Amino acid sequence: MAIIQGVPGIEVTVRVEGIEVIELSHPEATDVSQRRTDGTKSVNKYIECVGGAHFGVHVAVFQEYAWGHRNHSLNIALFLDGKWAKGEYCREWNTHLGVWEQVMTHRVTRNRSGDFVEQAFQFAKVNKVEDVDTEQHEHDLKRVKRMGSIEVRVYRAIEHAADDEFRPEGPTPVDFGVSAKALKGKTISHGAGYSTPVQTNRPRYVGCTNLQEDNGPIAIFRFLYRSREGLMQEGILRRPSPETLLVETEAPMPISIETPSPTPAPAQKPVPAKTTLEGLSQGQIRALALEKLQEGTPIDPQIKQEQKQKVLIKREFGEIIDLTEPEEPARAYKMSKTANGKDVIELDND
């Protein structure tokens, strides 16, 4: 934010596309707050601009501002490239409840039909014109001196009745064709332009008279906008070194890292559904027992004894089928009855 030590309580910032821009000072400047011969205090800041970007000026007035002299108010005028674009008016009572702030983002004009229209502020790139006559060249020389500046002038004023007679100028398009000779040796690459007019309501204007004893504004907040190249030409920004440009412009070579393909997990054998022996004949039970033995996984003889497990199918209490793989060739099956009369198929080697 731009402030002036001699005029506390007033702050001005520039926002581009709604974001507050970074303010830069000239590295050789010893004091950014300067007093003109007429007593006006001013501050100069540099900002970066981009063609086509919309911008606005935010003004804030705080309670610590020195009110009181002749019960004055503040007449705040915005000038773009030396031409008046918009004004705001702040009274003392506007700050009683806190900070007063306004954002000036557009100007209001009248079209040929007499309707009020508004146009947003935006940066526009300057076009160099080679062949111009002497008169146009002289005009462009004066014009270039005013270009590249956003200026907020603060006046102490006495308010009058509402000014209904004020008529803003028409939405004259800004011509950004400038003589190439007039731009020679300058860092001006953009100007302050306006968007397409959009119809709006009639604004309310305030009549006021600036205090004569002030001999002009009491404060001027000046923002000099330049392209990034222009800021480097004026020494506001440091030009990147060749090493830095090399790092920024050369993309690193792609590195291919071969990673081993993940070993696929062994296919899991589907879990068989729960076998039910109820209702099967003795022959079907024997066939089922042989099938379970044939589906078993072969076991290494050295660790067969450690990994041997019993596979049991339990039918009901007292009736068990042992499906463990036999260590010796299978022999004839033996059947017997339990004490409660249940049939048992014995597959043990004993």
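Residues numbered from 1 in each chain as written. Predicted model: local features only at pLDDT ≥ 70, side-chain atom pairs only at ≥ 80, totals over all residues. Heavy atoms only, no water.

A. Representation of the nonpolar core within the structure. Counting 38 residues, the largest nonpolar core has Leu74, Leu80, Ile150, Val152 and Phe221 as its most contacted members. Those residues in contact with leucine 74 that sit more than four places away from it in its chain are Ile10, Val61, Tyr65, Trp67, Glu88, Tyr89, Cys90, Val154, Tyr155, Arg156 and Ile218. Counting residues in each nonpolar core, the second largest holds seven residues, with Val126, Val144, Leu183 and Ile188 among its members. (Core = buried A, V, L, I, M, F, W, Y, C linked by side-chain atoms within 4.5 Å. Buried < 20%, exposed > 50% of the residue type's maximum accessible area, 1.4 Å probe, protein only. Contact = heavy atoms within 4.5 Å.)

B. Just the sheet that holds strand E8 (residues 100-104), in detail. Strand order in the open sheet made by the four strands is E2-E1-E5-E8, with antiparallel pairing throughout. Two strands lie at the open edges of the sheet, namely strand E2 (19-20) and E8, each paired on one side alone. Relative to E2, strand E1 (residues 10-16) runs antiparallel, the two sharing two bridges. Residue pairing for E2: valine 16 is matched across the bridge by isoleucine 19. (Pairing = 2+ DSSP bridges. Helix = DSSP H or I, 4+ residues; strand = E, 2+ residues; numbered from the N terminus.)

C. Structural detail: the packing of aromatic side chains. Tallied over the entire structure, the rule returns five aromatic pairs. Ring geometry for phenylalanine 123 versus tyrosine 225: centroids 5.0 Å apart, planes at 50°, classification tilted. Taken as a pair, phenylalanine 123 in strand E10 (residues 116-125) and tyrosine 225 in strand E17 (residues 219-226) lie far apart in primary sequence, 102 residues in all. Considered together, phenylalanine 123 and tyrosine 225 belong to a single accessibility category, that of buried residues. (Phe/Tyr/Trp six-rings, centres within 6.5 Å; stacked < 30°, edge-to-face > 60°.)

D. Representation of the pattern of salt bridges within the structure. Counting across every chain of the model gives eight salt bridges. Close ionic contact of arginine 228 with glutamate 48 constitutes a salt bridge, the shortest N to O distance being 3.1 Å. With arginine 228 in helix H3 (residues 228-233) and glutamate 48 in strand E4 (residues 41-48), this residue pair connects regions lying 180 residues apart in the sequence. The shortest N-O distance in the salt bridge between arginine 70 and glutamate 213 comes to 3.2 Å. (Salt bridge = Lys/Arg side-chain N within 4 Å of Asp/Glu carboxyl O.)

E. Geometry of the environment of valine 129. Inspection of the secondary structure puts valine 129 in strand E11 (residues 127-129). On a C-alpha basis, the gap between valine 129 and phenylalanine 176 in space is 9.6 Å, while along the polypeptide they are 47 residues apart. With residues up to four places along the chain from it excluded, the contact list for valine 129 reads Gly177, Val178, Ser179 and Ala180.

F. Structural view of helix H1 (residues 134-146). Counted at 1.5 Å a residue, the expected span for H1 with its 13 residues is 18 Å, and the 19 Å between its end C-alpha atoms agrees. Those residues of H1 hidden inside the fold are in contact with strand E13 (177-179) and helix H2 (180-183). Within two residues after H1, glycine 148 carries a phi angle of roughly 80°, on the positive side. (Expected span 1.5 Å × (residues − 1).)

Fair warning: the whole summary comes from geometry, so function is off the table for now.
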